[in-house]
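Geometric and topological summary
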2 protein chains.
Amino acid sequence: MTVRLARISTEPLSVPAHTAAVDDARMGAEITFVGRVRDHDPDAATGVVALEYSAHPDAEAALHALAVAAIGDTDAIVAVSHRIGRLEVGEAAVVVAVAAPHRQVAYEVSRELIESIKHSLPIWKRQIDADGSAVWKGLGG
Amino acid sequence: MTVRLARISTEPLSVPAHTAAVDDARMGAEITFVGRVRDHDPDAATGVVALEYSAHPDAEAALHALAVAAIGDTDAIVAVSHRIGRLEVGEAAVVVAVAAPHRQVAYEVSRELIESIKHSLPIWKRQIDADGSAVWKGLGG
């Protein structure tokens, strides 16, 4: 139905701002996905201390298009943001809030949108490990 | 892995309290499902104004057992509550917060738990419509 918010942000993401954006008395189901920077990576010799995200200039338009595609012909409402810049462990990199009249649609749209973000949003990340090493990671992480 | 919270509550549910309960630096994915009282029911002639939930005395133990079953042998962490008593339109009846290292497990545990709550938690609801009529609704709503 509607994309209420689709933003690439250099500022910390507010989860309540996303859930508030999809608040609607017609919607019985609300699902919020938060993807956070984890403190470890099975491929890293030491712990992860931060991630640095950078985006293509068209990433915000791409994010909006992915949200529209995930909603399809359902009556879901979506608010989604991806943060860029340096994020410490525990910080939210992506927030996807979906509201729908019923839970099945809410889960499906939420899952489809986060998968499409991970697979095709033009955002890249550089992982900074505790030993000072840094490595670029592709999409799909 | 762990059920951090499993409660039947007569008080309004705090979504942030549930997400805080599953906060953990090892967890890259966090999913919060909120089920709210909707303002309409396709079977009702008029709008819905409230729902009254009542629970079997063993419902809290049953909710904990459903959370344990949904987690299974995964490394997910869960905080879940169901509210009882009279709820107005827009109020949260159920909150399920799940954190896991990766999103696939988080989605699967979240979905499994809400489905099992809807299908087998011994909580019943009475729907109060705008025309003053009231009707008991079974599980699965």
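Every residue gets a number counted from 1 within its own chain, in the order that chain's sequence is written. Chains carry letters from A onward and ligands carry numbers from 1 onward, assigned in written order. Only residues with pLDDT of 70 or above have their local features reported here, since the model is predicted, and side-chain atom pairs are shown and tallied only from 80 upward, although totals for entire chains, interfaces and linings are computed over all residues. In computing side-chain properties, one takes all heavy atoms of the structure into account and sets aside hydrogens as well as water.

This part is about the interface of chain B and chain A. It only takes one pair of heavy atoms within 4.5 Å for two residues to be counted as in contact. Counting residues at the interface gives 29 residues for chain B, matched by 29 residues for chain A. Buried area: the accessible surface (1.4 Å probe) lost by two parts on joining, summed over both. Together, the buried faces of chain B and chain A total about 2,500 Å²; carbon and sulfur atoms form 47% of this surface. Considering only the surface of chain B that becomes buried against chain A, R38, R103 and Y107 of chain B emerge as the three largest contributors, covering 29% of it. The working definition used for a salt bridge is a side-chain nitrogen of Lys or Arg within 4 Å of a carboxyl oxygen of Asp or Glu. The tally of links from chain B across to chain A stands at four salt bridges. Between E30 of chain A and R36 of chain B there is a salt bridge; the shortest N-O distance is 2.9 Å. By the criterion applied in these results, polar contacts are pairs of N or O atoms within 3.5 Å in which, for protein atoms, one can donate a hydrogen and the other can accept it, and in which residues neighboring in sequence qualify only through two side-chain atoms. Where chain B packs against chain A, one counts 17 residue pairs in polar contact (both at pLDDT 80 or more). Numbering of helices and strands starts at the N terminus; helices are DSSP runs of H or I of at least 4 residues and strands are runs of E of at least 2. Where the side of chain B that touches chain A is concerned, the elements lending two or more residues are β2 (29-36) and α3 (103-120) of chain B. When residues in the side of chain B that touches chain A are grouped by element, the largest group, nine residues, is from α3 of chain B. Basically, the charged four are Asp, Glu, Lys and Arg, the nonpolar ten are Ala, Val, Leu, Ile, Met, Phe, Trp, Tyr, Cys and Pro, and anything else, Gly included, counts as polar. For the side of chain B that touches chain A, the residue count by class is 10 nonpolar, nine polar and 10 charged. Summarising the sheet, strand β2 (residues 29-36) of chain A and β2 of chain B pair through seven bridges and their orientation is antiparallel. A pair of strands is labelled paired if DSSP reports no fewer than 2 bridges between them.

For sheets, the rule is that strands pair by backbone hydrogen bonds, running either parallel or antiparallel. Residues and elements named next belong to chain B. Strand order across the open sheet formed by four strands is β5-β3-β7-β8, with antiparallel pairing between neighbours. Two strands close off the open sheet at either side, each with one partner strand: β5 (85-88) and β8 (134-137). Across the sheet, the axes of successive neighbouring strands diverge by a mean angle of 25°, strand direction being ignored. Across seven bridges, strand β3 (residues 48-55) lies against strand β7 (residues 123-129) in antiparallel orientation. Pairing of V48 across the sheet is with D129, part of β7. Here an axis means a line fitted to C-alpha atoms, over the contact stretch when the element is a helix, while the angle between two N-to-C directions is reported on a 0 to 180 degree scale.

Confidence of the predictor at the level of single residues is given by pLDDT, which spans 0 to 100. When pLDDT is averaged across chain A, the result is 91; 93% of the residues are at 70 or more. With a pTM of 0.92, the predicted complex shows an ipTM of 0.91.

Let's shift gears to the side chain of R38 of chain A. Relative to the elements of secondary structure, R38 of chain A occurs in the loop between β2 and β3 (48-55). Note on exposure labels: buried denotes an accessible area under 20% of the residue type's maximum, exposed denotes more than 50%, and partly exposed covers the range between, all computed with a 1.4 Å probe on protein chains only. For the purpose of counting charges, residues Lys and Arg are taken to be positive, whereas Asp and Glu are taken to be negative. His and the chain ends are not included. Among buried charged residues, R38 of chain A stands out as having no salt bridge; its nearest opposite-charge side chain is D39 of chain A, 5.7 Å away. At a separation of 3.2 Å, a polar atom in the side chain of R38 of chain A contacts the main-chain carbonyl oxygen of R26 of chain B. Those residues in contact with R38 of chain A that lie beyond four places of it in its chain are V48 and V89 of chain A together with A25, R26, M27, G28, P101 and H102 of chain B.

Let us now look at the packing of aromatic side chains. Each pair of aromatic rings taken from Phe, Tyr and Trp, with Trp reduced to its six-membered ring, is defined by centres within 6.5 Å and is described as stacked if the planes are under 30 degrees apart, edge-to-face if over 60, and tilted in the remaining cases. Under the criterion given, the structure shown has two aromatic pairs over all chains. Centroid distance F33 of chain A to Y107 of chain B: 5.7 Å. Interplanar angle 5°. Geometry classified as stacked. Taken together, the residues F33 of chain A in strand β2 and Y107 of chain B in helix α3 connect one chain to another. Each member of the pair F33 of chain A and Y107 of chain B is classed as buried.

As a further point, take the sheet that holds strand β4 (residues 77-83) of chain B. Ordered by their spatial adjacency, eight strands build an open sheet running β1(A)-β4(A)-β6(A)-β2(A)-β2(B)-β6(B)-β4(B)-β1(B), and the pairing between neighbours is mixed. The open sheet has two edge strands with one neighbour each: β1 (2-9) of chain A together with β1 (2-9) of chain B. Direction aside, the axes of adjacent strands within the sheet are offset by 5° on average. Taken strand by strand, helix α2 (residues 59-71) of chain A contacts β1 and β4 (77-83) of chain A, and its axis lies near 150° from that of β1 of chain A. Across the face of the sheet, helix α3 (residues 103-120) of chain A comes into contact with β2, β4 and β6 (92-100) of chain A together with β2 of chain B while running at roughly 150° to β6 of chain A.

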